[in-house]
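Here are the chains, one letter per residue:
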Amino acid sequence: VRGALAERLEREPGLVVVGTAGTAEEALRKARESKPHVVLTDIDMPGLDCFEAARTLIAAQPDVRVVFLSAFLHDRYVDEALAVKAHGYLTKSESPERVVEAVREVAAGGAYFSAEVRSRIVVEASGARLRTGSTSRVSKLTPRVLEVLRYIARGLGKKEIAAITNRSVKTIEHHTTRLMNRLNIHDRVELTRFALREGLAEN
């Protein structure tokens with residue numbers, strides 16, 4: 001999909017693909033080198049969590065505009081995309097022509113959301129938000145703790161999470177303890193089940 005999209009975008013007048021990446025870490029490295037105007041990123045990538053990667057990228061390059069592309073349409077994903085100030089969220093059911101349209105719209109300073117996403121959000125002067133505010137326990141978690149929950153749901157251990165996020169094992173243990181206390185869930189298997197129910201991970 002990545003190769004096909006890159007090839008399709010390269011054929012468009014006025015658009016230049018400055019790089020492609022298979023992981024969020026690689027994307028961050030290439031973005032530092034090439035300074036893209038628009039980053040089109042999948043939500044389900046190995047390694048560093050895509051939302052954390054987007055947050056890191058935008059903090060380093062405030063002018064970059066991020067568009068998420070995903071086969072998944074959970075409210076939680078949409079909510080997190082909006083939280084990192086993404087300028088677009090496309091479903092993979094969109095045609096290549098729609099993706100090109102989205103990239104052009106976002107590059108020109110606008111935003112682009114698939115119809116299924118637009119039906120779930122409200123755009124206000126302060127920004128976009130989900131039409132129905134989240135009442136889940138997940139909404140009470142900080143971004144850092146939520147990130148750890150997603151990694152746990154992928155089956156990663158504390159050392160693996162520490163390596164991916166460039167934090168110490170002690171810090172990950174601290175986040176895990178906070179996570180378990182906030183959710184009142186003290187078992188990794190139950191945490192994974194909770195994450196699946198909340199749309200934070202895929203089976």
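Everything discussed here concerns the structure shown above.
Cut-off values and rules
Residues numbered from 1 in each chain as written. Predicted model: local features only at pLDDT ≥ 70, side-chain atom pairs only at ≥ 80, totals over all residues. Heavy atoms only, no water. Helix = DSSP H or I, 4+ residues; strand = E, 2+ residues; numbered from the N terminus. Buried < 20%, exposed > 50% of the residue type's maximum accessible area, 1.4 Å probe, protein only. Contact = heavy atoms within 4.5 Å. Core = buried A, V, L, I, M, F, W, Y, C linked by side-chain atoms within 4.5 Å. Axes fitted to C-alpha atoms, helices over the stretch in contact; angles between N-to-C directions. Parallel < 35°, antiparallel > 145°, perpendicular 65-115°, else oblique. Left-handed = near helix turned anticlockwise from the far one by under 90°. Polar contact = N/O pair within 3.5 Å; in protein donor to acceptor, adjacent residues only side chain to side chain.

1. Concerning the side chain of Thr165
Relative to the helices and strands, Thr165 is located in helix α8 (residues 158-165). Of the residues examined, Thr165 reaches a relative accessible area of 11% and is grouped as buried. In contact with Thr165, other than residues within four places in its own chain, are Glu147, Tyr151 and Ile172.

2. Comments concerning the nonpolar core
Counting 51 residues, the largest nonpolar core has Phe68, Tyr89 and Leu149 as its most contacted members. Mapped by element, the contributors of at least two residues to this core are α2 (24-34), α3 (50-60), β2 (65-70), α4 (75-83), α7 (143-153), α8, α9 (169-183) and α10 (188-197). No other element matches α7, which puts 7 residues into this core. Not counting chain neighbours up to four residues away, the residues in contact with Phe68 comprise Thr41, Ile43, Cys50, Phe51, Ala54, Ala81, Val84, Ala86, Gly88, Tyr89 and Leu90. Of all hydrophobic cores here, the second largest spans 12 residues; its members include Leu9, Leu69, Leu90 and Val100.

3. What about the packing of α8 against α9?
Where α8 meets α9, the closest approach of the two axes is 8 Å, and the angle between their N-to-C directions is 110°. Taken as axis vectors, α8 and α9 run roughly perpendicular relative to one another. Classified by chirality, the crossing of α9 by α8 is right-handed. Contacts between α8 and α9 involve Lys158, Lys159, Ile161, Ala162 and Thr165 from the former and Val169, Ile172, Glu173 and Thr176 from the latter.

4. Here's the deal with unusual backbone geometry
Residues apart from glycine generally show negative phi values, whereas peptide bonds are mostly found in trans. One non-glycine residue, Lys35, lies in positive phi territory at about 50°. At Lys85, a residue that is not glycine, the phi angle is positive and equals roughly 65°. Note on placement: Lys85 falls in the loop between α4 and β3 (88-91). Exposure remark for Lys85: the relative accessible area of 57% places this residue in the exposed category.

5. Thoughts on the environment of His87
Structurally, His87 can be placed in the loop between α4 and β3. Sequence separation between His87 and Tyr112 is 25 residues; the distance between their C-alpha atoms is 6.5 Å. The contact partners of His87, leaving out residues within four places of it in the chain, are Arg65, Val66, Val106, Gly110, Ala111, Tyr112 and Phe113. Within the structure, the side chain of His87 is placed 3.2 Å from the side chain of Arg65, a separation counted as a polar contact.

Such coordinate-based values are descriptive only and should not be taken to indicate function.
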